Amino acid sequence: MIVRTTQEITGTDRDISAEDGNWQSKRIILGGDKVGFSFHETTIKAGTVNNFHYANHVEAVWLIEGEGTLTDRETGETYELGAGSMYLLNGHERHTVEVRTQMRMLCVFNPPVVGSETHDENGVYPLVEVPA
């Protein structure tokens, strides 16, 4: 059994912030936990525009706080997001999240991230294998 709190993660190597300061990700479960997925609490600042593309991962996002707009850059479709919204990037869609009020979301990645990943210039996390 694994029990962790976001309080104990804060300020550790599991607490990652974007270089531009737009978002913070508390990585609660990582690949090294050997459960087949990773689980994160991510906060994105109000007034920011964020481009992401998880070419190597499927991501499920459940928004629990805040409002904004999600744009699928593959199709141009837009979706209004608010608390209780969920989106699943099951096609590795390039997407943009425009944040009106600070967003807090719970995210699941498969395959799991190991914790050292950062977005590259295209918003992509590299695929990093979990050490055996």
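Provided above is the structure to which this section pertains.
Described below are features of the structure shown in this document. Just so it is clear, the structure is predicted and the values come from calculations on it, not from any experiment.

### A word on the overall build of the protein chain
Looking only at helices and strands, one finds 1 helix and 8 strands in the protein chain. In the protein chain, the succession of α and β elements from N to C terminus is α-β-β-β-β-β-β-β-β. When the 132 residues of the protein chain are sorted by exposure, 44% land in the buried category. Considering only contacts within the protein chain whose residues lie at least 6 apart along the sequence, 62% involve residues at least 24 apart. When the accessible surface of the protein chain is totalled, it reaches about 7,100 Å², and 51% of it is carbon and sulfur.

### Concerning the nonpolar core
By size, the foremost hydrophobic cluster in this structure holds 21 residues, and its most contacted members are Trp23, Ile44, Tyr87, Val97, Met103 and Met105. Counting residues per element, this core draws most heavily on strand β8 (residues 94-110), which supplies 6 residues.

Rules behind the numbers
Residues numbered from 1 in each chain as written. Predicted model: local features only at pLDDT ≥ 70, side-chain atom pairs only at ≥ 80, totals over all residues. Heavy atoms only, no water. Helix = DSSP H or I, 4+ residues; strand = E, 2+ residues; numbered from the N terminus. Buried < 20%, exposed > 50% of the residue type's maximum accessible area, 1.4 Å probe, protein only. Contact = heavy atoms within 4.5 Å. Areas by Shrake-Rupley, 256 points an atom, 1.4 Å probe, with all protein chains shown as cover. Core = buried A, V, L, I, M, F, W, Y, C linked by side-chain atoms within 4.5 Å.

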